[in-house]
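# Architecture and fold: a report
One letter stands for each residue in the lines below.
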Amino acid sequence: MVTQLLIGGIRRERSDDPKAPARFGRAGAFLCVVAAALTATVLGAPPAAATVVQVSVMPDLNAGIRTNYGTGCTYTVRARLSEAVTPVTFYDNGVPFATVPPAGGGIALVQWVPAYEGDHTLQAAQPGGDLAPYVQVFVGRGAHIGYACWVV
């Protein structure tokens, strides 16, 4: 026996026969097509490239007259990220010095100890991203004073 129901302005047919085929009607078929198209669009989209948004270096407890950055002293380099899953590689004048996972909140932190005096360009990148963001610092000669450094 087939019973016709009116639900939300759409006519539905219901059968008491368990072997009767299910009927979706036009609205059901349309929703299936839309769901299939959305699934194909989402699953077929290429993943977004992970990028570093900003790079900065903090002087920590170190200080100097000309610069706060000295050889042999430890500094924290921070990278802000567009996604917080992919590991980040840090570079000093184009040479990688550390690869770390993001710490959370779209931030990656690493300790940096400059080995020589002069200008340094610090960059960070995630695989598939560019080396665009950077920070430049001048490094002088560092002298340890307890937990800090005095830079001359």
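Structure's up top.
Predicted, not measured: the structure shown is a model, and the values here were computed from it. (Residues numbered from 1 in each chain as written. Predicted model: local features only at pLDDT ≥ 70, side-chain atom pairs only at ≥ 80, totals over all residues. Heavy atoms only, no water.)

## Comments concerning the pairing of strand S12 (residues 148–151)
Quick note on the threshold: By the convention used here, strands pair only if DSSP detects at least 2 bridges between them. Helical segments are the DSSP runs of H or I of at least four residues, strand segments are the runs of E of at least two, and each set is numbered from the N terminus.
Relative to S12, strand S4 (residues 63–64) runs parallel, the two sharing two bridges. Its bridge partner lying in S12, Gly64 is registered against Val151. Of the pairings in the sheet, the one linking strand S11 (residues 142–145) to S12 comprises four bridges and is antiparallel in character. Residue pairing for S12: Gly142 is matched across the bridge by Val151. Linking S11 to S12, which pair antiparallel, is a turn of two residues; within it Gly146 sits at a positive phi near 65 degrees.

## Some words on the packing of aromatic side chains
Condition: Ring pairs are drawn from Phe, Tyr and Trp, using the six-membered ring of Trp, whenever the two centres fall within 6.5 Å, and their geometry is named by plane angle: stacked under 30 degrees, edge-to-face over 60, tilted for the rest. Residue exposure (1.4 Å probe, protein chains only): buried if accessible area is under 20% of the type maximum, exposed if over 50%, otherwise partly exposed.
Here the structure, examined in full by the defined rule, presents three aromatic pairs. The interplanar angle of 55 degrees and the centroid separation of 5.0 Å between the aromatic rings of Tyr69 and Tyr75 together place this pair among those described as tilted. In terms of burial, Tyr69 and Tyr75 fall into one category: buried. Each ring, one from Phe90 and one from Phe97, has its centre 6.2 Å from the other, and the planes form 45 degrees; the classification is tilted. Classification of Phe90 as buried rests on a relative accessible area of 0%. These aromatic residues form a ring-pair network of at least three members: Tyr69, Tyr75 and Trp112.

## Some points on the pattern of salt bridges
Keep this limit in mind: One speaks of a salt bridge when a side-chain nitrogen belonging to Lys or Arg is within 4 Å of a carboxyl oxygen belonging to Asp or Glu.
This structure, assessed with the given rule, holds one salt bridge. Its salt-bridge partner being Arg141, residue Glu117 comes within 3.4 Å of it at the nearest N-O pair. Residue Glu117 is found in the loop between strand S8 (107–112) and strand S9 (118–125), and its partner Arg141 is found in the loop between strand S10 (134–139) and S11; the two are separated by 24 residues along the sequence. A relative accessible area of 44% means that Glu117 is categorised as partly exposed.

## Focus: unusual backbone geometry
Backbone geometry at Asp60 places phi at a positive 55 degrees, although glycine is not the residue there. If you trace the backbone, Asp60 turns up in the loop between strand S3 (52–58) and S4. We classify Asp60 as partly exposed; its relative accessible area is 39%. Phi is positive for Asn93, close to 50 degrees, though the residue is something other than glycine. Here Asn93 shows up in the loop between strand S6 (88–92) and strand S7 (95–100).

## Things to note about the nonpolar core
For clarity, the threshold we go by: Among buried residues, those of type Ala, Val, Leu, Ile, Met, Phe, Trp, Tyr and Cys that are joined through side-chain atoms within 4.5 Å constitute a nonpolar core.
Judged by nonpolar contacts, the single largest core of 23 residues is most densely connected at Val57, Val77, Val88, Phe90 and Trp112. At four residues, strand S5 (residues 75–81) tops the list of elements feeding residues into this core.

## Focus: the sheet that holds S8
Sheets are built from strands that pair by backbone hydrogen bonding, the pairs being arranged parallel or antiparallel. Note the threshold: Working convention: axes come from line fits to C-alpha atoms, limited for helices to the stretch in contact. Angles between N-to-C directions cover 0 to 180 degrees.
With antiparallel pairing, the three strands of this open sheet are ordered in space as S3-S5-S8. Looking at which strands have only one partner, the edges of the open sheet turn out to be S3 and S8. Averaged over all neighbouring strand pairs, the angle between strand axes comes to 20 degrees, with direction disregarded. Pairing geometry for S5 and S8, over six bridges, is antiparallel. Opposite Val77, over in S8, you have Val110 as the bridge partner.

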